[in-house]
Amino acid sequence: MYLEKDDERVLAGEFGETRQKMMEILVTLGRVYGAEKLVPITSAQVSGASYKTIGRWGLSWLQSLNARAAVPAVLNPIGMPREGWQEFGIGEEFARRQAEVVEAYRKLGIRVECTCTPYYLRITEYGEHLAWSESSAVAYANSALGARTNREGGPSALAAAIIGKTPYYGLHVVENRRPQVVVEVENGTGPYANHWGGIGHVAGKKVGNRIPIFQGIRPNRDQLKALGAAMAATGAVALFHVEKITPETRVFSFDTGDLDRVTVTEAEVEALFTETEVEAVAVGCPHCSADELRELAELLRGKTTTKPFYVFAAKGVAAANPDLVSVIERSGARVIPDTCMVVSPRMDEFGSIMVDSGKALAYVPGMCGALARIGTRRECVEVATS
């Protein structure tokens with residue numbers, strides 16, 4: 001793999017041990033995947049931020065590093081809100097360890113904006129090279145924005161943030177972004193026919209790690225987010241196209257005549273929805289947008305919750321919409337920044353959780369040890385206030 005002279009000096013240790021380690025990670029990754037070079041990135045998003053997932057050994061590794069990020073970089077959700085963690089039910093020992101994780105990242109120059117939706121906080125342009133790690137953020141950046149990123153692991157995303165480059169392979173290469181399978185969605189009339197998290201949950205299982213192109217649907221930005229997040233969770237989809245909607249379908253002409261075709265039926269989506277009793281309700285996986293907060297505020301206006309109801313959103317998004325947060329919280333629901341239902345130990349205390357996303361439906365059982373029930377956002381509010 002070709003390295004520029006400065007990169008060779010970093011690899012030789014001339015700029016410190018940490019940068020040398022980070023360059024070794026990138027070079028090894030590039031060699032494994034046959035990258036011809038490193039490419040500069042404009043931003044990074046680093047996972048491995050919750051103490052629940054990285055534990056004391058991951059924390060120890062972070063604390064051993066000594067360098068600063070070379071590009072704007074943010075964290076994935078951590079295991080608790082940075083403020084008000086006591087009210088959220090987080091224990092002191094976990095909170096202390098989580099604060100140490102956050103501080104270790106801060107010292108590395110990672111912006112402590114802990115979210116799986118970094119695209120709400122910084123404008124990401126078409127064609128930009130990124131090193132993002134959270135699966136739903138990767139799917140959205142590649143698909144809805146037309147940026148270019150592979151699905152990075154936590155260490156490789158951190159290495160890219162510190163070096164400012166990533167190996168040029170996979171979805172950074174335009175030729176590798178062509179669709180590989182056509183997905184048709186049955187035009188149903190039932191209450192879940194247009195539940196994009198449900199559609200993505202089914203589609204992800206059918207397409208696996210292939211790049212799908214959807215035909216005959218017209219989702220908006222939030223619906224694209226839900227679709228991609230679910231496919232990334234039940235399959236390994238890091239890029240998808242929607243004909244005449246996503247940017248690359250308007251730039252390139254894709255010949256789909258010889259591709260495999262799969263269909264997502266209304267019955268398959270309908271089968272995901274059950275009437276199971278739940279102990280808590282949680283929405284915002286991925287984190288809620290301003291429009292989604294607005295919808296929740298309207299649905300909750302004048303109502304009172306009877307079950308714990310958590311709404312997860314980036315702190316920056318919540319802070320920019322205080323009136324919506326106020327309406328939501330007057331109902332008894334709580335808008336929680338920095339963390340999410342999947343990576344917080346708080347949600348492990350419930351035996352059953354109702355969610356509104358296909359991603360959460362896939363992850364909650366394994367990550368929280370809880371039964372997951374999916375519903376529309378309106379149904380989530382109804383269950384939480386009944």
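Within any chain, residue numbers begin from 1 and follow the written order of that chain's sequence. Local features in this predicted model are restricted to residues whose pLDDT is 70 or higher, and side-chain atom pairs enter the listing and the counts only when it is 80 or higher, whereas totals over whole chains, interfaces and linings include all residues. Just so you know, side-chain values use all the structure's heavy atoms and leave hydrogens and water out.

1. Examining the overall build of the protein
- Labels follow the DSSP assignment, with helices taken as runs of H or I lasting at least four residues and strands as runs of E lasting at least two, numbered in each case from the N terminus. Along its length, the protein carries 15 helices and 15 strands.
- Taking the principal axes of the C-alpha coordinates as reference, the protein spans close to 65 × 60 × 35 Å.
- A buried classification covers 59% of the 386 residues belonging to the protein.
- When checking whether two residues touch, look at their non-hydrogen atoms; a contact exists if any pair is within 4.5 Å. Restricting the contact set of the protein to residue pairs at least 6 apart, pairs at least 24 apart contribute 78%.
- Carbon and sulfur atoms provide 47% of the accessible area of the protein, an area that totals close to 15,900 Å². For every residue, the accessible area obtained with a 1.4 Å probe (protein chains only) is divided by the maximum for its type, and the residue is called buried under 20%, exposed over 50%, and partly exposed between those limits. Surface exposure here means Shrake-Rupley accessible area, sampled with a 1.4 Å probe, where a residue is shielded only by the protein chains that are shown.

2. What to know about helix α15 (residues 377–385)
- All buried positions along α15 are accounted for by R377, C380, V381, V383, A384 and T385.
- Buried residues along α15 sit against β11 (280–283), α11 (290–300), β12 (309–312), β14 (352–355) and β15 (371–374).

3. Overview of the side chain of D7
- For D7, the position within the fold is in helix α1 (residues 5–11).
- Classification of D7 as buried rests on a relative accessible area of 7%.
- The residues contacting D7, other than those within four sequence positions of it, are M23, L38 and K165.

4. Observations regarding the sheet that holds strand β13 (residues 334–336)
- Two strands make a pair as long as DSSP finds a minimum of two bridges between them. The strand order across the open sheet formed by five strands is β13-β12-β11-β14-β15, and the pairing between neighbours is parallel. Each having just a single partner strand, β13 and β15 make up the two edges of the open sheet. Across the sheet, the axes of successive neighbouring strands diverge by a mean angle of 25 degrees, strand direction being ignored.
- In the sheet, β11 pairs with β12 via three bridges, with the strands oriented parallel. Here the axes come from fitting lines to C-alpha atoms, over the contacting stretch only for helices, and the angles between their N-to-C directions go from 0 to 180 degrees.

5. A short note on a nonpolar patch on the surface
- Patches draw on residues past 30% relative accessible area with no salt bridge. Two like charges within 9 Å are joined, as are two nonpolar side chains (Val, Leu, Ile, Met, Phe, Trp, Tyr) within 5 Å. Each salt bridge in this description consists of a side-chain nitrogen of Lys or Arg and a carboxyl oxygen of Asp or Glu lying within 4 Å of one another. A cluster of nonpolar residues, Y126, V251 and F252, forms a patch on the protein surface that exposes about 260 Å² of accessible area.
- Tracing the backbone through its elements, the reader meets F252 in the loop between α9 (247–251) and β10 (260–264).

6. Let's talk about the packing of aromatic side chains
- Between rings of Phe, Tyr and Trp, where Trp is taken as its six-membered ring, a pair exists when centres lie within 6.5 Å; planes separated by under 30 degrees are stacked, by over 60 edge-to-face, and by other angles tilted. For the coordinates displayed, the defined rule picks out eleven aromatic pairs.
- Geometrically, the ring pair formed by Y310 and F312 is tilted, given 6.4 Å between the ring centres and 40 degrees between the ring planes.
- By relative accessible area, which is 0% here, F312 ends up buried.
- Ring plane angle 50 degrees and centroid distance 6.5 Å describe the contact between Y310 and F350, whose orientation is recorded as tilted. With Y310 in strand β12 and F350 in the loop between β13 and β14, the pair connects residues that are 40 residues apart, well separated along the chain. Note on accessibility: Y310 and F350 belong to one class, buried.

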